[in-house]
Amino acid sequence: VFHNRTGRQLEGTYLFPLPEGATVAEWSMTMFGKMIQGEIIEADKAREIYRSIVTRKRDPGLLEYMGRGLFRARVFPILPNDDLTIRLKYQQVLPEDAGTLEFRYPLGTDRMNGTPVPSAVVDVQIESTQDLKAVYSTSHDVEISRDGDRKARVSYERTGRRQDKDVLLYVGRRPYAVGFSLQSAKGVGEDGTFMAVFTPRTEVRAEDRVPKDIVYVVDTSGSMADGKMPLAKNALAYCVSMLNSGDRFIVISFGSAVRPFSDNLLEVNGDSKAAAIKRERAHEPRGGTNIEDALKTALAMRADDDRMFMVVFMTDGRPTIGERKMEPLVKGLGSSIGNARIFTFGVGFDLDVTLLDKIAEISGGTRDYVMPEEDIEIVTSRFFRKVDSPVLDDLKIEFGSGVYDVYPKRLPAMFSGGQLVVFGRYRDAGDRVIRLKGKLGGKEVVYEYEGTLKRTEDADYLPRLWAHRKIAFLLDAIRLNGATKELTDEVIHLATKHAIVTPYTAGLVVEESELPGRTLEEVAREMD
């Protein structure tokens with residue numbers, strides 16, 4: 001809600017970040033006392049229409065994508081001593097780790113906006129098909145009420161202070177994980193959309209544990225000062241100490257120069273662990289950030305293509321030494337990655353997040369981030385515990401005939417307590433046998449699941465979530481290889497069809513009298 005305390009009309013601007021993987025489902029604002037829903041059209045045309053209406057001092061609203069999940073809402077006019085409400089709905093698949101779902105609401109937007117939000121109310125209602133265990137927040141003092149074993153409500157209200165932290169809520173479910181679940185929807189005369197979720201068991205038997213070669217790459221540049229370096233050292237010490245017999249490892253420190261602990265991977269034993277931890281604790285933060293040479297050195301440590309090879313890359317900055325642009329840096333790494341999995345771990349705000357995301361994605365790894373207000377030791381320990389327990393690698397999924405446009409294109413390794421979410425499209429409804437193939441402890445394994453691709457539209461949110469994944473894939477191709485008309489047209493087609501705000505589309509709310517007898521889409525076509 002915008003409130004105009006002045007005696008003149010104002011334009012309002014609000015910046016807010018959506019959680020990773022979320023997509024805006026609805027954008028609307030109040031006009032003449034009623035809520036008007038916006039439409040998604042090409043971004044340049046939306047801005048032109050918005051500007052033309054603003055000059056006539058009428059009521060448009062514009063929603064734009066600013067990059068990396070950040071959206072900007074612009075509304076005009078906010079009348080003197082009056083309120084104007086904007087409303088956003090978004091959809092998201094919550095990440096799950098070891099049976100615990102994580103929900104992050106971007107409440108800490110005050111740092112992005114000039115005027116603090118004077119009051120905020122958070123009301124979270126939880127309904128689960130499984131029994132709930134712990135429900136808690138690590139960020140705010142919330143009130144939690146339970147309604148039986150499968151429902152809960154979480155509330156938070158605060159006025160008169162800056163909202164400088166995101167709400168972090170964790171929902172634990174019963175300890176035995178669901179191995180496979182399938183949701184699908186198909187409109188009449190249309191192809192269907194599905195979401196398949198694969199969840200390995202939380203506990204890993206010793207005989208199923210996959211021996212691994214793992215390289216820990218730790219940023220020791222000058223930006224790691226201000227208290228970050230001791231925390232990073234403690235997190236690394238924890239990680240090295242929990243390596244398993246049969247694993248091999250090495251620690252590489254880097255600033256302007258790259259400093260491997262040894263020339264080769266080391267067998268895990270008490271002496272090698274102690275020596276690596278002692279050497280890392282001696283480092284002081286200094287120099288620039290040479291990401292290119294650090295990762296190339298790490299990838300060159302691969303010694304055996306039959307073993308899982310992982311690189312855990314921790315940094316708090318962006319490249320300042322060597323190659324600094326994302327496209328050539330990623331292309332330079334491409335030929336060296338092979339079957340390596342790179343897990344990027346970013347600390348703080350001053351990050352090249354797009355670069356870290358892309359490095360993780362092209363290698364089939366994962367990425368994680370720690371905000372300054374979070375406890376880095378807890379977060380990194382949780383991250384390293386997950387990486388330490390790979391369950392399945394070299395994954396392939398067979399859905400049967402008529403299934404297409406499946407994302408992600410390259411499947412990541414599966415880890416204990418994690419989950420793999422796959423979206424796709426299908427032509428023919430009916431019962432299916434879905435096969436998940438991979439390597440378990442170096443041996444080929446196949447898991448079979450029975451599922452039904454439905455003929456009905458029960459889950460109408462699935463097409464938008466699938467389109468969001470495909471658009472992300474297309475935008476990555478544009479960033480790496482340049483924009484072509486074919487790629488941009490496909491992004492615009494999907495985004496306008498499924499009402500998704502992207503760098504090429506924007507949401508526009510216009511009062512009906514501004515478009516007599518025409519739709520926004522018709523106006524946009526007339527501008528071609």
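Residues numbered from 1 in each chain as written. Predicted model: local features only at pLDDT ≥ 70, side-chain atom pairs only at ≥ 80, totals over all residues. Heavy atoms only, no water.

Section: the overall build of the protein
Okay, so step 1: Along the protein, the regular secondary structure elements total 10 helices and 32 strands.
Okay, so step 2: Out of the 528 residues in the protein, the part that is buried amounts to 50%.
Okay, so step 3: Restricting to contacts in the protein with at least 6 residues of sequence separation, those with at least 24 account for 73%.
Okay, so step 4: Accessible area of the protein: about 24800 Å², with a carbon and sulfur share of 48%. (Helix = DSSP H or I, 4+ residues; strand = E, 2+ residues; numbered from the N terminus. Buried < 20%, exposed > 50% of the residue type's maximum accessible area, 1.4 Å probe, protein only. Contact = heavy atoms within 4.5 Å. Areas by Shrake-Rupley, 256 points an atom, 1.4 Å probe, with all protein chains shown as cover.)

Regarding the environment of Arg 87
Okay, so step 1: In this fold, Arg 87 is placed in strand β9 (residues 86–91).
Okay, so step 2: Each C-alpha atom, one on Arg 87 and one on Met 29, is 6.1 Å from the other, the two residues being 58 residues apart in sequence.

Points about the packing of aromatic side chains
Okay, so step 1: Overall, the coordinates contain nine aromatic pairs when judged by the stated rule.
Okay, so step 2: With a centroid separation of 5.9 Å and an interplanar angle of 20 degrees, the aromatic rings of Tyr 14 and Phe 16 are classed as stacked.
Okay, so step 3: Given the relative accessible area of 23%, Tyr 14 is considered partly exposed.
Okay, so step 4: Between Tyr 407 and Phe 473, the ring centres sit 5.5 Å apart and the planes meet at 50 degrees, which makes this aromatic pair tilted. A residue pair is termed long-range when its members are at least 10 positions apart, and Tyr 407 in strand β27 (residues 403–407) and Phe 473 in helix α8 (residues 462–481) qualify at 66 residues.
Okay, so step 5: By relative accessible area, which is 5% here, Tyr 407 ends up buried. (Phe/Tyr/Trp six-rings, centres within 6.5 Å; stacked < 30°, edge-to-face > 60°.)

Focus: the nonpolar core
Okay, so step 1: Grouped together as the largest cluster of nonpolar side chains are 29 residues, with contacts concentrated most on Val 215, Val 217, Leu 299, Val 311 and Phe 313.
Okay, so step 2: Setting aside chain neighbours within four positions, we find Val 311 in contact with Val 215, Val 217, Leu 295, Ala 298, Leu 299, Arg 341, Ile 342 and Phe 343. (Core = buried A, V, L, I, M, F, W, Y, C linked by side-chain atoms within 4.5 Å.)

Things to note about the sheet that holds strand β16 (residues 167–173)
Okay, so step 1: Pairing in this open sheet of four strands is antiparallel, and the strands run β10-β11-β16-β13 from one edge to the other. Two strands lie at the open edges of the sheet, namely β10 (96–97) and β13 (132–137), each paired on one side alone.
Okay, so step 2: Of the pairings in the sheet, the one linking β10 to strand β11 (residues 100–105) comprises two bridges and is antiparallel in character. Across the sheet, Asp 97 pairs through a bridge with Thr 100, a residue of β11. (Pairing = 2+ DSSP bridges.)

Looking at helix α2 (residues 228–241)
One turn of the α-helix equals 3.6 residues, which is why residues spaced by three or four share an orientation.
Okay, so step 1: Counted at 1.5 Å a residue, the expected span for α2 with its 14 residues is 20 Å, and the 20 Å between its end C-alpha atoms agrees.
Okay, so step 2: Where α2 is concerned, the buried positions are Met 229, Ala 232, Lys 233, Ala 235, Leu 236, Ala 237, Cys 239 and Val 240. (Expected span 1.5 Å × (residues − 1).)

Here we look at the sheet that holds strand β18 (residues 192–198)
Okay, so step 1: Strand order in this open sheet of four strands is β17-β18-β29-β27, and the pairing throughout is antiparallel. Looking at strand neighbours, the two that pair on one side only are β17 (180–186) and β27, the edges of this open sheet. Sheet twist, expressed as the average angle between the axes of neighbouring strands with direction ignored, equals 20 degrees.
Okay, so step 2: As paired strands, β17 and β18 are joined by seven bridges and run antiparallel to one another. Bridged to Phe 180 within β18 is Phe 198. (Axes fitted to C-alpha atoms, helices over the stretch in contact; angles between N-to-C directions.)

A closer look at unusual backbone geometry
Okay, so step 1: Of note, the bond from Tyr 407 into Pro 408 is cis; its omega dihedral lies within 30 degrees of zero at 10 degrees.
Okay, so step 2: Following the sequence through the fold, Pro 408 ends up in the loop between β27 and β28 (414–415).
Okay, so step 3: A positive phi angle is found at Asn 81, which is not glycine, with a value near 55 degrees.
Okay, so step 4: Note on placement: Asn 81 falls in the loop between β7 (70–78) and β8 (83–84).
Okay, so step 5: Although it is not a glycine, Ala 499 adopts a positive phi angle of roughly 55 degrees.

What to know about the pairing of strand β29 (residues 420–426)
Okay, so step 1: Within β29, seven of the seven residues are buried, leaving the element largely enclosed by the surrounding structure.
Okay, so step 2: Of the two faces of β29, the one holding Leu 420, Val 422, Gly 424 and Tyr 426 and the one holding Val 421, Phe 423 and Arg 425 are both buried throughout.
Okay, so step 3: Taken together, the three bridges between β27 and β29 define a ladder with antiparallel strand orientation. Bridge pairing in β29 places Tyr 404 opposite Arg 425.

Considering α8
Okay, so step 1: End to end, α8 covers 29 Å across 20 residues, agreeing with the expected 28 Å (1.5 Å per residue, within 8%).
Okay, so step 2: Where burial is concerned, most of α8 is hidden: 14 out of the 20 residues are buried.
Okay, so step 3: After α8 finishes, the residue Gly 482 shows a positive phi value of roughly 95 degrees.

Some points on the pattern of salt bridges
Okay, so step 1: In this structure the tally under the stated criterion is 13 salt bridges.
Okay, so step 2: Glu 11 serves as the salt-bridge partner of Arg 74, at 3.7 Å between the closest nitrogen and oxygen. Here Arg 74 is found in strand β7, whereas its partner Glu 11 is found in strand β2 (residues 10–17), with 63 residues between them in sequence.
Okay, so step 3: Looking at Arg 74, the relative accessible area reads 19%, which means it is buried.
Okay, so step 4: The salt bridge involving Glu 398 is made with Lys 437; its shortest N-O contact spans 2.8 Å. Pair noted here: Glu 398 is in strand β26 (residues 390–398) and Lys 437 is in strand β30 (residues 430–440), with a separation of 39 residues, a long-range link.
Okay, so step 5: Looking at Lys 437, the relative accessible area reads 30%, which means it is partly exposed. (Salt bridge = Lys/Arg side-chain N within 4 Å of Asp/Glu carboxyl O.)

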